[in-house]
Amino acid sequence: MIPKPKVMLSREQIAARVAELGAQITSDYRDRPLVLVPILKGSFLFAADLARAIDLVDVRIDFLGLRSYGSGVETSGVVQITYDLGAPIEDQDVLIVEDIVDTGLSMRYLLDNLATRRPRSVKICSLLHKPARTRAKIDIDYLGFTIEDKFVVGYGLDYAEKFRNLPFIGVIES
Ligand code: 5GP
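We now turn to the structure provided with this report.

Cut-off values and rules
Residues numbered from 1 in each chain as written. Predicted model: local features only at pLDDT ≥ 70, side-chain atom pairs only at ≥ 80, totals over all residues. Heavy atoms only, no water. Salt bridge = Lys/Arg side-chain N within 4 Å of Asp/Glu carboxyl O. Helix = DSSP H or I, 4+ residues; strand = E, 2+ residues; numbered from the N terminus. Buried < 20%, exposed > 50% of the residue type's maximum accessible area, 1.4 Å probe, protein only. Core = buried A, V, L, I, M, F, W, Y, C linked by side-chain atoms within 4.5 Å. Contact = heavy atoms within 4.5 Å. Pairing = 2+ DSSP bridges.

**Examining the pattern of salt bridges**
The final tally for this structure, using the stated rule, is 15 salt bridges. Here Arg 17 ties to Glu 20 by a salt bridge, and the two come within 2.6 Å at their closest N and O atoms. In this pair, Arg 17 and Glu 20 are both assigned in helix α1 (residues 11–28), 3 residues apart and thus about one turn of the helix distant. On the basis of relative accessibility, which here comes to 22%, the residue Arg 17 falls in the partly exposed class. A salt bridge links Arg 118 to Glu 90; the shortest N-O distance between them is 3.5 Å. Here Glu 90 lies in the loop between β5 (80–83) and β6 (93–101) and Arg 118 lies in the loop between α3 (105–115) and β7 (121–129), a separation of 28 residues in the sequence. Shared partners join several salt bridges into a network, and the residues in it are Lys 41, Asp 158, Glu 161 and Arg 164.

**Structural notes on the nonpolar core**
Membership of the largest hydrophobic core comes to 27 residues, with the highest contact counts inside it found for Ile 25, Phe 46, Leu 50, Leu 128 and Ile 169. Those residues within four positions of Leu 128 in sequence are excluded, and the remaining contacts are Leu 9, Asp 99, Ile 100, Val 101, Leu 143, Phe 145, Ile 147, Val 152, Leu 157 and Ile 169. The next biggest cluster of nonpolar side chains, apart from the first, holds 18 residues, and it includes Ile 39, Ile 89, Val 94 and Leu 114.

**Focus: the sheet that holds strand β10 (residues 169–171)**
Pairing is antiparallel in the open sheet, where 3 strands are placed in the order β1-β10-β9. Looking at which strands have only one partner, the edges of the open sheet turn out to be β1 (6–9) and β9 (152–153). As judged from the 2 bridges shared by β9 and β10, these two strands associate in the antiparallel manner. Paired with Val 153 across the strands is Gly 170, a residue of β10.

**Side note on the side chain of Glu 98**
Mapping Glu 98 onto the fold places it in strand β6. Not counting chain neighbours up to four residues away, the residues in contact with Glu 98 comprise Ile 39, Ser 43, Phe 46, Met 107, Cys 125, Ser 126 and Leu 127.

Next comes the structure, spelled out in structure tokens:
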């Protein structure tokens, strides 16, 4: 039997913070076309909720798949693009939507990669940040929650591809 994770952030807490982030992004990007880039798979639920909290007309959404974890809990530091953007981002304002910045290695790789495509700007919106494990320092422009150094699942985040469908962020108790 797989144990049910213990709630760290409830769906109500997440919804309230997502609404705040959406309002902030709405106000910052008013009158500017925006390209939202959710990072698959982990940010799919966060991005779906965030997109609906952004009250702007000129928003394009394009996905990018990254793999930095196998089925374990430790990053290898090796990052691979598993699914690339469908259109150029040259001269466009890009907002990366990520589930969690942990060591920062994936985001560092992604920022370097996107820079070669010459966007006008690139900002980061991450639901979670685990500062205790930083290996590459990343400035997160829009941050949902800072969390302690625990492996979390739910609301898009997995453990061995399970738990992505949980409506909250939880911790697996051993
Ligand atoms: P980083 O490169 O910053 O170490 O990690 C990036 C990716 O590792 C995240 O986008 C996420 O997919 C995965 N990851 C990091 N920490 C956790 C965690 O606590 N739980 C889960 N499920 N995935 C994590």
